[in-house]
Amino acid sequence: MSAPPESPAPKREPGEWKPKILGVLCNWCSYAGADLAGGGRIQYPPDVRVVRVMCTGRIDALFVLKAFADGADGVLVSGCHFGDCHYLEGNFKGAKRMFMVKRLMKSIGLDDRRFRMTFVSASEGAKWGAVITDVVKTINELGPSPIKEFSK
Amino acid sequence: METKKEAKHEAPAKQEVKTQAPAAKDAAAPVKTGPSEKPRIGVFICHCGTNIAGSMDIEAVGEYSKTIPNVAYVDNYKYMCSMPGQAVINKAIKDNKLTGVVVAACSPRLHEPTFRTATKEGGLNPFRFEMANIREQNSWVHMHDQEGATDKAKDAIRIAVAKASLLQDLFPKAVPVEHAAMVVGAGVAGMQAALDLANAGIKTYLIESQPTIGGRMSQLDKTFPTLDCSQCILTPKMVDVGRAANIELMTYSEVDAVEGYIGNFDVTIRKKARGVLTPAEAEARGIVGGGCNGCGDCEPVCPVIKPNEFEVGMKPRRAIYISHPQVVPLIYTIDFDSCIKCGLCVTACGPEKKAVDLEAKDEFVKVKVGTAILATGYDMFPVEKKTEWGYKKFENVISSLEFERLICASGPTSGHLVRPSDGETPKRVAFVLCAGSRDNTGNGKPYCSRFCCMYSLKHAHQIYEKIPGVQAYLFYMDIRSFGKMYEEFYYRIQDEGAKFIRGRVANILEDPKTKNLHVHTDDTLLNRPVDMEVDLVVLAAAVQPKEDTNRTRKLFGVSCSMDGWLLEAHPKLNPCGTTTAGVFLAGVCQGPKDIPDTVASAEGAASAASIPIHKGEVELEPYFATCIEERCAGCGMCISLCPYSALALVEKEGRTVMEVTEAKCKGCGTCGGFCPGGAIWMNHFATPQIVAQIDAFLLGGEQ
């Protein structure tokens, strides 16, 4: 790498709010894609913390809701493209539940843009960088989660 | 039909699951409530040289780690994966009575096995280990954000410690491996892989969708840079494959369904209706001494004429045909899409052989194999998509594969290169390289197809050899002659008189009277436009994955990269493996390769595929689901969610509860992600463990 590229992370003052975003990734596609982004030194903002599961089918809707209840500003679930699931169809079943979560969020008045499911394959390192950049941008625009304010 | 019976070495028929440690049952019992002792976690932070240490404050991460609940020991080292690094872990486990280990380093997809071994050597169960990825998903992607990377690493370690505190002893189960393998695709890669496996004493099923084996290589005339005749070096291999006792060759067949896992794949093969009986099939029907012997009496009487795909449509064939004289197996095939069932071939075949069966139907065969190799090969890019070059519009613009057949002595013109428009011998021939390769217009392929430079050089040589006074022009971007003796071959063709014009061909126009072609480009070395009149244009078309690669790969659970080539487990260190254990890749299906590289990759895949078979058993990761019976309401919702039919409802002590067949469970956790009662415990990814990770991130450790 020659000249250091412009860091995609917005410059923040000390003590300024930083979004807390949980990423739940499947082992075979998105986690591998995120690793590939690393190998390719694709730079993206550092606001997402990752929990690895074997398949997005493992993700209980309650995990997402627990994260929001704990004060997460955003949650990202990412898995294989449809038809590419390592376990045949786990991502379909996971996605179905995630739609339910989105509906639930809307009905309780929580902006459903705070929660996103994406499909990033093991070969899409660059896409992973774009996804994270966009997720962080969205959460930055939405600001701190209102749930955190209520619990104070 | 159960072909498995012929297998030389039968694996134990019983699918018994051996548990390695006899104490596994007892160890699995207390799991549901978590380990009773207070967790003592060791955190080991890797610098990875400057890979990690260069982007974050390791000192601060280490100091922070000491404040995380349950952490009993913190250390860091320059290279945690090195022998001294692993010794640090080993010693710390013993000295500090650790119950769990967290290594903050690279991706678990890279070094989890290494550190599990280190954990085991320290006296802990290897599954008491958790990795915090602070390289691929941190230091490498936040290279210029020291503060952000440091904070993220602290969180990652806190999350990992939370999980490590709840991890339990797990024991991988060993399952026996069927002493048989499968190779899908019988081009040069598949044949080589099958021969290697067979020679290693493994029963091998070789599946080919075409009526004959040989693949693309059998269509080629000569091979670069040695110029040996492709058929001459390939046909002995084809004959070997046909003869090998350990190879069960299934041509005109496709994989229809795959079930199971490494060591125990149940594969259903569709044998397409061939309409002609092999001697063995005839004997099975009681026609003694019957079946096709390849005499060819049926062919001339067939009234249907179709283009021969093997000759790229430049030679006719009948509805009952063999695509070329050297086919293996030498059995005729009826193309039922064009057969009119007149019955003339039945008469011609005669009452002794009785080989023709016009009522043949597709048959399904089930076989059991331990490992499988995909060698599905490639198709030519449909170069007519690049309309500016006029392929399929101008008669004298041909593709490189058509050139191979025209220059081949066994081809439609007996090796005389002619212009399709008038049958004249061309005196000026243009070769357009990168025809669809290295093309970012969206209309072609962005990658280099790797062997077109070299075969175009070979084509130029072939016309100099065969046509006196001919002039070859090669329009190129770069000549990529990277292999052994390739660059020397390039010099040789230059010396033979071929002209190299560096420039992408802008368009090709036809003179309607003479049918000659005008090739327009910019000569980027002389910096001037070129309008070259030639008699024949050969497009060195790009290659792309075979049409049904996508279908086949999904059956085996193999991913593909963005351009459609099958995805290897690691591009450098595991180029033949895939993310599905027991499935390997050989040849061009993984990415463009010339013949030497294809054969090398096939031998690599065969060697890799034979390892589990020779070992006799494989260890499966113990990530399977278990039922917490006291919580199970027996609703059965999970049963329909399981894609492997691993779950069932059973009666236990007067209650209906779910039961898991561990050998079938692959540990995806789809059942555990839904269970309304939280009654499913996913080993290593249990709900309390994941919730602890979420809580640790969001509630723990305000910094």
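These numbers come from a predicted model, not from an experiment. (Residues numbered from 1 in each chain as written. Chains lettered and ligands numbered in written order. Predicted model: local features only at pLDDT ≥ 70, side-chain atom pairs only at ≥ 80, totals over all residues. Heavy atoms only, no water.)

S.K.: Help me get a handle on the pattern of salt bridges, residues and values and all.
M.R.: Evaluated as defined, the whole model comprises 47 salt bridges over all chains. Notably, a salt bridge pairs A:Lys102 with A:Asp112, separated by 3.7 Å at the nearest N-O pair. On the criterion of sequence distance, the pair formed by A:Lys102 in helix α3 (residues 90–107) and A:Asp112 in the loop between α3 and β4 (115–119) is long-range, its members being 10 residues apart. The exposure class assigned to A:Lys102 is partly exposed, which follows from its relative accessible area of 23%. On the basis of relative accessibility, which here comes to 15%, the residue A:Asp112 falls in the buried class. Between B:Arg405 and B:Glu311 there is a salt bridge, and its shortest N-O distance comes to 2.8 Å. Residue B:Arg405 is found in helix α12 (residues 400–407), and its partner B:Glu311 is found in the loop between β12 (305–307) and β13 (316–318); the two are separated by 94 residues along the sequence. Residue class for B:Arg405 comes out buried when judged on its relative accessible area of 1%. Here B:Glu311 falls in the buried class, since its relative accessible area comes to 2%. (Salt bridge = Lys/Arg side-chain N within 4 Å of Asp/Glu carboxyl O. Helix = DSSP H or I, 4+ residues; strand = E, 2+ residues; numbered from the N terminus. Buried < 20%, exposed > 50% of the residue type's maximum accessible area, 1.4 Å probe, protein only.)

S.K.: Which residues make up helix α3 (residues 83–96) of chain B, and what values go with them?
M.R.: Residues and elements named next belong to chain B. Taking 1.5 Å per residue, 14 residues should reach 20 Å; α3 reaches 20 Å between its end C-alpha atoms and fits that length. Buried residues in α3 make contact with β2 (41–46), β3 (71–77), β4 (100–105) and α4 (108–121). Just downstream of α3 lies Lys97, where phi reads positive at about 50°. (Expected span 1.5 Å × (residues − 1). Contact = heavy atoms within 4.5 Å.)

S.K.: Explain the packing of aromatic side chains residue by residue, including any values.
M.R.: All names here are of chain B. This structure, assessed with the given rule, holds 15 aromatic pairs over all chains. Plain terms: the ring middles of Phe403 and Phe431 are 5.7 Å apart, the flat faces sit at 75° to each other, and that makes the pair edge-to-face. One end of the pair, Phe403, is in helix α12; the other, Phe431, is in strand β20 (residues 428–435), and 28 residues separate them in sequence. Residue classification places Phe403 among the buried residues on the basis of a relative accessible area of 0%. One aromatic cluster is present, built from ring pairs that chain together Tyr476, Tyr490, Tyr491 and Phe500. Taking the ring centre of Tyr321 as reference, the NZ or CZ of Arg317 above it sits at 4.0 Å. Cation over ring: Lys386 sits above Trp389, and NZ or CZ is 5.7 Å from the ring centre. (Phe/Tyr/Trp six-rings, centres within 6.5 Å; stacked < 30°, edge-to-face > 60°. Lys NZ or Arg CZ within 6 Å of the ring centre and 35° of its normal.)

S.K.: For the state of the cysteines, give the residues involved together with the corresponding values.
M.R.: One pass over the full model with this rule turns up 2 disulfides over all chains. The disulfide partner of A:Cys29 is A:Cys80, and the gap between their sulfur atoms is 2.3 Å. Here the disulfide of A:Cys29 and A:Cys80 is right-handed, its torsion about the S-S bond being about 100°. Separated by 51 residues along the polypeptide, A:Cys29 in the loop between β1 (21–26) and α1 (30–39) and A:Cys80 in the loop between β3 (74–79) and α3 bring together distant segments of the chain. With a relative accessible area of 3%, A:Cys80 lands in the buried category. Covalent S-S linkage joins B:Cys229 and B:Cys232, the inter-sulfur distance amounting to 2.3 Å. Here the disulfide of B:Cys229 and B:Cys232 is right-handed, its torsion about the S-S bond being about 90°. Take B:Cys232: its relative accessible area is 48%, and that puts it in the partly exposed class. The thiol sulfur of B:Cys665 is not disulfide-bonded, and the nearest other cysteine sulfur, from B:Cys671, lies at 6.3 Å. (Disulfide = S-S within 2.5 Å.)

S.K.: Summarise the packing of helix α7 (residues 188–199) of chain B against helix α8 (residues 230–243) of chain B; cite the residues concerned and give the values.
M.R.: All names here are of chain B. At their nearest, the axes of α7 and α8 sit 10 Å apart, and the two run at 50° to each other. The pairing of α7 with α8 is recorded here as oblique in orientation. Considering only the axes of α7 and α8, their crossing is left-handed. Seen from α7, the contacting residues are Val188, Met191, Gln192 and Leu195; seen from α8, they are Leu234, Lys237, Met238, Asp240 and Val241. Classifying every residue of the contact of α7 with α8 gives 6 nonpolar, 1 polar and 2 charged. (Axes fitted to C-alpha atoms, helices over the stretch in contact; angles between N-to-C directions. Parallel < 35°, antiparallel > 145°, perpendicular 65-115°, else oblique. Left-handed = near helix turned anticlockwise from the far one by under 90°. Nonpolar A, V, L, I, M, F, W, Y, C, P; charged D, E, K, R; others polar.)

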